[in-house]
Amino acid sequence: MSQPSSPLGFDEASAPYNWAIGQTPVVPAKPSVAPPRSASENLGALTLKHRPIDPTAAGVAEPEAAIAGDFVPWLRMSNILIVAVQDEAAERAARAHLEPRWGGPIIPSYTDLATLREGQFRAYGERLAEKAANLCPDEMSCRFLGERRKQWYLRSLPFVLLVGIFLFPATMLSALIAWFIFMNAVMVGMRLIALTADTRHTFAPLDRAPADLPIISVLLPTYREASVLKALINALGQVDYPRDRLDLKLLLEEDDLETKTALTQISDAAKVDLDIITVPRGAPQTKPRAMNYALPFCKGSVIGIYDAEDHPAPDQLQIVARALSAAPKKIACVQAILDFYNHTQNWLTRCFSLEYAIWFRVLLHGVRKMGLPLPLGGTSVFFRRDVLEEIGAWDAHNVTEDADLGMRLARFGYSCELIPSTTLEEANSHYGNWIGQRSRWLKGYVVTWLTHMRQPRQLLRDLGLRGFLGFQLLLLGGVTTYIALPFHLVWLGLVLGDVAPGVFSQLPQDLWVVFFITLPIGNLVMVSAAFLAAYRLQRTHLYLWVFTLPVYWLLGAIAAYRAVTELFHIPFHWHKTQHGLTQEQPPSVPSP
């Protein structure tokens, strides 16, 4: 019995080795003829425009295996399977995976990486995106806040608080003031320890690279970043790391036509090889979801992150490789120092620069000295891949996935260390943009606290008493300080006006005195930390601006109240930070 006729007009029993666009496929005279061995000989042979991918063919392979092996089953004809591959290594991977699953001939069709990724996106994108949204374990993910029952609890909480304030105003206000005093006192203690902490790094000397440098996969999540994309590519071109050990993944959201267009305009001049990963539409549309989606595409044993506006020190990846090689396995990741190249643009960027310097050059050393869980930054952080996968990667629903991941690493018994390397970023120079970004961060801190505190006893067992207390301090301390600031200003106004109207006159006088004294002490300690940070940063010209930080912290209070408000109705909303608001170009990266 003859084989059924092919819809393309040839005998399916004799499959072609090469598919030329717009031409009738030619059956080779001898089955032993080898397929072309370079993408250039077969470029564009399989494209979605001329040969739509067959879902039944793609389903023969496991998506993760096809992604890792750089192949995708494209067409099936009777008992023949046509597989798109990029190179001979991909062909070997395809045969190893598919031969036990497919009883007939497997014929490779060599194509370019962009076409291959397009096929994988069509074949497996929806399935991988769904997995990416739920990769973090349920018990450690904040997605429970999206459940209707939990939303009802959250949305009813403000009403309960208002009722309590109406019925018991003095009691509620006293409790709130007492909480402010307690958290401020603990924060002051941590900052004082940080002021005296050793800033030396704990790794072995970094003067020698490992004999075999690891492959480092760097995720480059972007969304509407056309204005800074060229600068990012130029910065990556300056990275001093062997190109065959560097795996750069540029993540593009499916609906981000702006960045896609910008990429096509500069790709010809790019000095680096970028693997473009398109992230399918879906909810939540967040940076952590995109990174989870891209994780199976990564080749490296080390996974790093750079934001679109980043300019890392050229030797940073060398330092990362050396540090992770020298560190014990319990150190699962390393964090570079973040700084800004446009810190002189305006008052806001000067204060932002001081704030980052306080955090990375003073406070984090105190956190490390006390052995507390280290909240990670969202960029220039590098993970051992096996550990990252062990803990469930990123929580796609958490708008501060970096802080959450630092806490989760600690719960699994891992830690993070700082490395002596700096990445320059663009400081937020627009007030509305800054408040949106800061409210997202503060909201995420509270969401992370709510997530891990669902089982406080288990959290205590995981972190130990010191880690548990540090968890409370690091996630609630900053938010509490910001929220307390307007109360302090109101009380200051009442004292200066010699009035204490209404409920304020019913509160214990000693409580107000302590509150009035402790908050200025906290501000004084922070100002001292700012001077020390500016000195370590070698930017003494910022000394004068240190005295304006209390005004800057008022902006943080606005962001904190916005964050608390959003928590009750849009906990997963991601405020997109706009970049490219400065004309300044990054100078040489400063020493750490």
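As a reminder, the structure under discussion sits directly above these lines.
The rules behind these values
Residues numbered from 1 in each chain as written. Predicted model: local features only at pLDDT ≥ 70, side-chain atom pairs only at ≥ 80, totals over all residues. Heavy atoms only, no water. Helix = DSSP H or I, 4+ residues; strand = E, 2+ residues; numbered from the N terminus. Buried < 20%, exposed > 50% of the residue type's maximum accessible area, 1.4 Å probe, protein only. Contact = heavy atoms within 4.5 Å. Pairing = 2+ DSSP bridges. Axes fitted to C-alpha atoms, helices over the stretch in contact; angles between N-to-C directions. Phe/Tyr/Trp six-rings, centres within 6.5 Å; stacked < 30°, edge-to-face > 60°. Lys NZ or Arg CZ within 6 Å of the ring centre and 35° of its normal. Lys, Arg positive; Asp, Glu negative; His and termini not counted. Salt bridge = Lys/Arg side-chain N within 4 Å of Asp/Glu carboxyl O. Polar contact = N/O pair within 3.5 Å; in protein donor to acceptor, adjacent residues only side chain to side chain. Core = buried A, V, L, I, M, F, W, Y, C linked by side-chain atoms within 4.5 Å. Parallel < 35°, antiparallel > 145°, perpendicular 65-115°, else oblique. Left-handed = near helix turned anticlockwise from the far one by under 90°. Nonpolar A, V, L, I, M, F, W, Y, C, P; charged D, E, K, R; others polar.

Let's shift gears to the overall build of the chain. Along the chain, the regular secondary structure elements total 18 helices and 11 strands. Sorting the 592 residues of the chain into buried and exposed places 55% on the buried side. For the chain, restricting intrachain contacts to residue pairs at least 6 apart in sequence, the fraction spanning at least 24 positions comes to 81%.

Before going further, it helps to examine the side chain of threonine 480. For threonine 480, the location among the structural elements is in helix H15 (residues 456–497). Setting aside its immediate chain neighbours within four residues, threonine 480 contacts Trp179, Phe180 and Met183.

Our focus in this paragraph is the sheet that holds strand E7 (residues 302–305). Ordered in space as E6-E5-E4-E7-E10-E9-E11-E8, the 8 strands form an open sheet in which the pairing is mixed. The open sheet has two edge strands with one neighbour each: strand E6 (274–279) and strand E8 (311–312). Strand direction decides the pairing type here: strand E9 (residues 331–340) and strand E11 (residues 415–425), joined by 8 bridges, are parallel. Bridge pairing in E11 places cysteine 333 opposite cysteine 416. Against the sheet, helix H8 (residues 257–266) makes contact with strand E4 (216–222), strand E5 (246–253) and E6, and its axis sits at roughly 135° relative to E5, the strand it touches most. Along the sheet, helix H9 (residues 287–294) makes contact with E4, E5, E6 and E7, crossing E6 at roughly 120°.

Below, the discussion takes up the packing of aromatic side chains. Any two aromatic rings considered together are summarised by their centre-to-centre distance and by the angle between their planes. Evaluation of the coordinates by the stated rule reveals 16 aromatic pairs. On the numbers, 5.2 Å between centres and 85° between planes, the contact of phenylalanine 352 with tyrosine 356 is edge-to-face. With phenylalanine 352 and tyrosine 356 both in helix H11 (residues 347–369) and 4 residues apart, the pair spans about one turn of that helix. The same class applies to phenylalanine 352 and to tyrosine 356, which are both buried. One aromatic cluster is present, built from ring pairs that chain together Phe340, Trp347, Phe352, Tyr356, Phe360, Tyr431, Trp434, Trp441 and Tyr552. Cation over ring: arginine 454 sits above phenylalanine 144, and NZ or CZ is 4.1 Å from the ring centre.

Take aspartate 112: it is sitting in the loop between strand E3 (106–110) and helix H4 (113–133). Buried and unpaired, aspartate 112 has no salt bridge, with arginine 117 as the nearest side chain of opposite charge at 10 Å. A distance of 3.3 Å separates the side chain of aspartate 112 from the backbone nitrogen of alanine 114, its partner in a polar contact.

Right, let's get into the sheet that holds strand E1 (residues 71–77). Taken in spatial order, the 3 strands line up as E1-E2-E3 in an open sheet, and their pairing is mixed. Edge positions in the sheet fall to E1 and E3, since each of these pairs with one other strand and no more. Neighbour to neighbour, the strand axes of the sheet diverge by 30° on average, direction disregarded. Pairing of E1 with strand E2 (residues 80–85), which is carried by 6 bridges, proceeds in the antiparallel orientation. Bridge pairing in E2 places valine 72 opposite alanine 84. Against the sheet, H4 engages E1 and E2, with an angle of about 70° to E1.

Now for the pattern of salt bridges. On inspection of all chains with the given rule, the structure shows 25 salt bridges. Note that aspartate 275 and lysine 249 form a salt bridge whose closest N and O atoms lie 2.5 Å from each other. One end of the pair, aspartate 275, is in strand E6; the other, lysine 249, is in strand E5, with 26 residues separating them in the sequence. Each member of the pair, aspartate 275 as well as lysine 249, is classed as buried. Across the pair lysine 287 and glutamate 401 runs a salt bridge, and its minimum N-O distance is 4.0 Å. A residue pair is termed long-range when its members are at least 10 positions apart, and lysine 287 in helix H9 and glutamate 401 in helix H13 (residues 401–411) qualify at 114 residues. Here lysine 287 falls in the buried class, since its relative accessible area comes to 16%. One network of salt bridges, in which partners are shared, links Asp70, Arg117, Asp247, Lys249, Asp275 and Lys299.

Right, let's get into the nonpolar core. Leu98, Tyr293, Phe383, Trp394, Leu409, Leu549 and Tyr552 are the most contacted members of the largest nonpolar core, which totals 130 residues. Counting 31 residues, the second largest nonpolar core, distinct from the first, contains Val239, Leu274, Ala321 and Leu324.

Right, let's get into H9. Counting buried residues in H9 gives 8 out of 8 residues, a clear majority hidden from the surface. Among all positions of H9, only Lys287, Pro288, Arg289, Ala290, Met291, Asn292, Tyr293 and Ala294 are buried. Close packing links the buried residues of H9 with H4, E4, E5, E6, E7 and H13. If you check the start of H9, you find a side-chain oxygen 3.4 Å away from the backbone N of arginine 289, and it comes from threonine 286.

What follows covers the packing of helix H7 (residues 226–237) against H8. Interaxial distance between H7 and H8 falls to 9 Å at its minimum, and their mutual angle equals 40°. Our classification of the angle between H7 and H8 gives oblique. As for how H7 packs across H8, the hand of that crossing is right-handed. Facing H7, whose interface residues are Ala226, Leu229, Lys230 and Ile233, H8 presents Glu258, Thr259, Ala262, Leu263 and Ile266.

This part covers the environment of arginine 289. When you line up the elements, arginine 289 lands in helix H9. For the pair arginine 289 and valine 279, spaced 10 residues apart in the sequence, the C-alpha separation amounts to 8.8 Å. Not counting the four nearest positions on each side in its chain, arginine 289 is found in contact with Ala129, Ala132, Glu253, Val279, Pro280, Arg281, Gly282, Ala283, Pro284 and Ala396. Only 3.5 Å separates the side chain of arginine 289 from the backbone oxygen of arginine 281, close enough to count as a polar contact.

Running from amino to carboxyl end, helix H14 (residues 431–452) crosses helix H18 (residues 549–567) at an angle of 55°, the nearest separation of the two axes being 7 Å. Our classification of the angle between H14 and H18 gives oblique. Our pair here, H14 against H18, has a crossing hand that is right-handed. Note on element contacts: H18 touches H14 through Tyr552, Leu555, Gly556, Ile558, Ala559, Ala560, Arg562, Ala563, Glu566 and Leu567, opposite Tyr431, Trp434, Ile435, Gly436, Arg438, Ser439, Leu442, Lys443, Val446, Val447 and Leu450. A class-by-class count of the residues in the contact of H14 with H18 yields 14 nonpolar, 3 polar and 4 charged.

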